[in-house]
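Observations on the three-dimensional arrangement
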Amino acid sequence: MAVHRHSRLHTDDAHVAVVDCGDPPRGWTQLRPATVFGLILPHRGIVRGRVDGVEQLLDPASVFVERLGSEQQFAHPCGGDVYTEIVLSEPSVAALMGGEPDVPGWVAPVSAELGLRHRLLLARAGAPDSDAFELTERTLALACGVFEQLAPERVAAGRPATATARRRLVDETRGALSTDLTLGLEDLSRTVNCSPHHLSRIFTATTGVTLTQYRNRLRIALVLDRLSEGETDLRLLADELGFTDQAHMTHVVRRAAGLPPGRLRSLLYATDPAGAAAGGRAVPLIGDRTVRSASLSGTMKRFSTSWGAFDLARFPEDPRDRLFAWDAADEYLLRHLAHGEDGPVDLSGDVVVVGDRWGALVTALAPHRPAQITDSFLAQQATRANLARNSVPADSVRLLSTRDTPPDRIDVLLVRVPKSLALLEDQLRRLAPAVHAGTTVIGTGKVTEIHTSTLKLFEEILGPTRTSLALKKARLIFCTPDPALAPGPSPWPLTYALGADAGPAAGLTVVNHAGVFCADRLDIGTRFFLNHLPRRRGVERVVDLGCGNGVVGTAAAVANPDAVLLFTDESHQAVASAKATFRANTGAVRTAEFVVGDALSTTAPGSVDLVLNNPPFHSHQATTDTTAWRMFTGSRRALRQGGELWVVGNRHLGYHVKLRRIFGNCEVVAGDPKFVVLRAVKR
């Protein structure tokens, strides 16, 4: 059957699409597990559903609630139907349902009010003055309306109980929006520690306007203010104020003020704007042009800074990759170094950059001969490639890993805040002896990456700490070193023994260095994998791909004394952990290979019998399947004929589709409502 899907909203937290099923078969579809949390709201047609053995009818007066992991199949007795599909992330469902991402029931009635919300959502999705913030607000309100019918007590659980608490929440929200208008709804809700729907409902009830309406009022006020100063770059203005693009800003402003921004500027600014710019009017920080993200140009993106313009790419370079090698946090830091409140930062001493994700910072600062400290092999390779493509001498930057001895003296310490708080603590404690009273310490990160606990670490280890205002969802951390502090050595690595829930791996000792995924406990995906590892004997070469702390490969080594193990990961901390875990359980006699690298890029083709893999699906804050795809294709190249790749992953990631495309086959070995273990054979 021909299915036509028209997307209306696509973010990390919510997806909305209108689906036309065409002319589907009348019989039952194959029984399959649901891979997402979602809602199906029919426009027309009738569908019969069978979920976990229970059969019900779905029509335009009802809504189908899709539950992750439930076994479901459908039939279309009257032919084609059209429906709206809403997919919600697991954190979004948890936020709406009192903290737990599970939903009761699976068919609920649609009231006239919910039906109207549904149609208004679709209408606003096609309006030129709507954006993802408004559509997410409407989507979550619609979803919550459905969930309230099924479990009203759970939905109400996270709502502030008193008028004082609600007023405080509204004031905090207004303050957060005034500070950074580029915050998305989910980012804003996390900032004020409230679920998106409760925040939207309480804000509207207290102020009389929706979050979207209030946010637009703030944005329009700032547009008018900037236009009255003679602002000429409307594209940049739209970007700074969180509009989708310049056309979106024009629609919003025209609807509110009756005129487009260009006409308003001619009314509000008496002097010719070009003449005013030539006269050197003061430009506020938010309008600073010293650092700007360029648009895509082929596979390369151009990064303009006060130290020059640089062509940058991530590693490995992929012409289809639309992600940049820098972000607003990098821009904000470089802007401050060149044009801080007290003038340019003195970079004449020993400069150390920690956590530079793709080499953008050290490439720009190469004239000051910085040292880069990173846990990532890919970041090091990206740095080398970016230095070369911009004709910067390779010896301009000293490349160090998190396992190398840190510099003896640091005059300027620049820290890109990592996702792992443990890694940040480990690095700050290791670097603290090289920091002195005159050291300039500046951290940078996205607003969602910098928390109270982040600032507390800087304060406890280095000295008094404060933050900047947010700009384009990024923030700076300023720390004044206090030589009187004695923070002590890093508490890492941690060691613990696996319990009975690890199955055949129970009793193994695990060693974790800081920054390794789930460093202080065994994550549930790995635990599930350990209970379903292949049972093999004899001499064979086994790879723990993306090894983390190495517990999967170590369990395979203990189960098969004749196996030869290769542990590989792009994290220096992970490979060090894997080596320590392997040694703790097999002793000093047995040997294995430990490689910090890019998946299996250096492994000889046809040299491996078994690959065990738990692939990541994030690259820093971005959700992507690029890493998994590279791991799967690399595994097929490295495996011998008849060799096997075993993968564990979340059900909703759909790895079986990729494996069938690459290997031509894929078998489900084991599964539960959240995870599946898959097996693909090289034939």
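To be clear, the structure that these remarks concern was listed above.
What you see is a predicted model; the values in this text were computed from it and never measured. (Residues numbered from 1 in each chain as written. Predicted model: local features only at pLDDT ≥ 70, side-chain atom pairs only at ≥ 80, totals over all residues. Heavy atoms only, no water.)

Helix and strand content of the protein chain: 22 helices and 31 strands. For the protein chain, the C-alpha radius of gyration of 27 Å lies close to 26 Å, the compact-globule estimate for 683 residues. Out of the 683 residues belonging to the protein chain, those deemed buried represent 52%. One finds the centroid of the 76 positive side-chain charges in the protein chain at a distance of 4 Å from the centroid of its 73 negative side-chain charges. (Helix = DSSP H or I, 4+ residues; strand = E, 2+ residues; numbered from the N terminus. Rg over C-alpha atoms; globule rule 2.2 N^0.38 Å. Buried < 20%, exposed > 50% of the residue type's maximum accessible area, 1.4 Å probe, protein only. Lys, Arg positive; Asp, Glu negative; His and termini not counted. Charge placed at Lys NZ, Arg CZ, Asp CG, Glu CD.)

Let's shift gears to the packing of aromatic side chains. Enumeration according to the criterion identifies nine aromatic pairs in this entry. With centroids separated by 5.4 Å and ring planes inclined at 85°, the aromatic side chains of Phe 64 and Phe 74 adopt a geometry described as edge-to-face. In this pair, Phe 64 is assigned in strand β7 (residues 62-66) and Phe 74 in strand β8 (residues 71-75), connecting sequence segments 10 residues apart. Centroid distance Phe 582 to Phe 594: 5.9 Å. Interplanar angle 70°. Geometry classified as edge-to-face. Of this pair, Phe 582 sits in helix α20 (residues 572-586) while Phe 594 sits in strand β25 (residues 593-596), and the two are 12 residues apart along the sequence. Take Phe 582: its relative accessible area is 0%, and that puts it in the buried class. Every member of this aromatic cluster is reached through a ring pair, and the members are Phe 303, Phe 324 and Trp 326. Above the ring of Trp 28, the side-chain terminus of Arg 50 is found at 3.9 Å from the ring centroid. The ring of Phe 243 carries the charged tip of Arg 219 above its face, separated from the ring centre by 4.0 Å. (Phe/Tyr/Trp six-rings, centres within 6.5 Å; stacked < 30°, edge-to-face > 60°. Lys NZ or Arg CZ within 6 Å of the ring centre and 35° of its normal.)

Among all positions of helix α11 (residues 261-268), only Pro 261, Leu 264 and Arg 265 are buried. Down the axis, α11 shows its buried residues gathered within 105° of arc, on one side only. Every exposed residue of α11 that faces more than 90 degrees away from the buried side is listed here: Ser 266 and Leu 267. (Arc of directions from axis to C-beta.)

Side chains of Leu 224, Leu 267 and Leu 268 sit close together on the surface and give an oily, nonpolar patch of about 270 Å² of accessible area. Following the sequence through the fold, Leu 224 ends up in helix α8 (residues 211-228). (Patch = residues over 30% accessible without salt bridge, like charges linked within 9 Å, V, L, I, M, F, W, Y side chains within 5 Å. Areas by Shrake-Rupley, 256 points an atom, 1.4 Å probe, with all protein chains shown as cover. Salt bridge = Lys/Arg side-chain N within 4 Å of Asp/Glu carboxyl O.)

The six strands are arranged β1-β2-β9-β4-β7-β10 in an open sheet whose pairing can be described as antiparallel. Sheet topology places β1 (4-10) and β10 (107-109) at the edges, where each strand pairs with a single neighbour. Across the sheet, the mean angle from the axis of one strand to that of its neighbour is 20°, orientation sign disregarded. Relative to the sheet, helix α2 (residues 112-125) contacts β1, β2 (14-20), β4 (37-44), β9 (82-88) and β10, its axis offset from that of β4 by approximately 90°. Sheet strands in contact with helix α3 (residues 132-150) are β1, β2, β4, β7, β9 and β10, and its direction is about 95° off that of β9. (Pairing = 2+ DSSP bridges. Axes fitted to C-alpha atoms, helices over the stretch in contact; angles between N-to-C directions. Contact = heavy atoms within 4.5 Å.)

A few words on the pairing of strand β31 (residues 675-681). For β31, a buried count of six out of seven residues is recorded, marking the element as mostly surrounded by other parts of the structure. Pairing geometry for strand β29 (residues 639-650) and β31, over seven bridges, is antiparallel. When the bridges of β31 are listed, Asn 650 appears paired with Phe 675. With four bridges joining them, strand β30 (residues 667-671) and β31 adopt antiparallel strand pairing. Of the residues in β31, the one forming a bridge with Val 668 is Leu 678. Between β30 and β31, which pair antiparallel one after the other, the connecting turn spans three residues.

Take the nonpolar core next. Formed by 59 residues in total, the largest nonpolar core has its most connected members in Leu 39, Leu 88 and Phe 147. It is α3 that contributes the most residues to this core, eight residues altogether. (Core = buried A, V, L, I, M, F, W, Y, C linked by side-chain atoms within 4.5 Å.)

Attention now goes to the side chain of Thr 250. On the secondary structure map, Thr 250 appears in helix α10 (residues 246-257). Residue contacts for Thr 250: discarding those within four places in its chain leaves Pro 260 and Pro 261.

What follows concerns the packing of α3 against α8. The relative placement of two packed helices comes down to the angle between their axes together with the axis-to-axis distance. Viewed as axis vectors pointing N to C, α3 and α8 meet at an angle of 165°, and their least axial separation amounts to 9 Å. Taken together, the axes of α3 and α8 lie roughly antiparallel to each other. Crossing hand, α3 versus α8: right-handed. Residues Phe 133, Glu 134 and Glu 137 of α3 lie in contact with α8, whose contacting residues are Leu 211, Thr 212 and Arg 215. Here the residues of the contact of α3 with α8 are counted per class, giving two nonpolar, one polar and three charged. (Parallel < 35°, antiparallel > 145°, perpendicular 65-115°, else oblique. Left-handed = near helix turned anticlockwise from the far one by under 90°. Nonpolar A, V, L, I, M, F, W, Y, C, P; charged D, E, K, R; others polar.)

The next thing to look at is unusual backbone geometry. With an omega dihedral of -5°, the bond running from Phe 315 to Pro 316 counts as a cis peptide bond. For Pro 316, the position within the fold is in the loop between β13 (308-312) and α13 (328-339). Residues Trp 492 and Pro 493 are joined by a peptide bond in cis, for which omega reads 5°. As for its position among the elements, Pro 493 is in the loop between β20 (474-479) and β21 (494-497). For Lys 473, which is not glycine, the phi torsion reads 65° and is therefore positive.

Turning next to α2. In an α-helix, one turn spans 3.6 residues, which is why side chains three or four residues apart end up on the same side. Look at α2: 20 Å from first C-alpha to last across 14 residues, which is about the 20 Å you get at 1.5 Å a residue. Within the span of α2, buried status applies to Leu 114, His 118, Leu 121, Leu 122 and Arg 124. Summarising the axial view, the buried residues of α2 lie within an arc of 165°, below the 170-degree limit, and thus occupy one face. Across from the buried face of α2, at angles greater than 90 degrees, the exposed residues are Ala 112 and Leu 116. (Expected span 1.5 Å × (residues − 1).)

Within this structure, the stated rule accounts for 29 salt bridges. When the shortest N-O distance is used, the salt bridge between Glu 317 and Arg 389 registers 2.8 Å. On the criterion of sequence distance, the pair formed by Glu 317 in the loop between β13 and α13 and Arg 389 in helix α15 (residues 377-389) is long-range, its members being 72 residues apart. Here Glu 317 falls in the partly exposed class, since its relative accessible area comes to 38%. Residues Arg 416 and Glu 449 are paired through a salt bridge, measuring 3.4 Å at the closest nitrogen-oxygen approach. Pair noted here: Arg 416 is in strand β17 (residues 410-416) and Glu 449 is in the loop between β18 (435-446) and α17 (452-461), with a separation of 33 residues, a long-range link. Connected via shared salt-bridge partners are Arg 124, Asp 129, Glu 134, Arg 138 and Arg 255.

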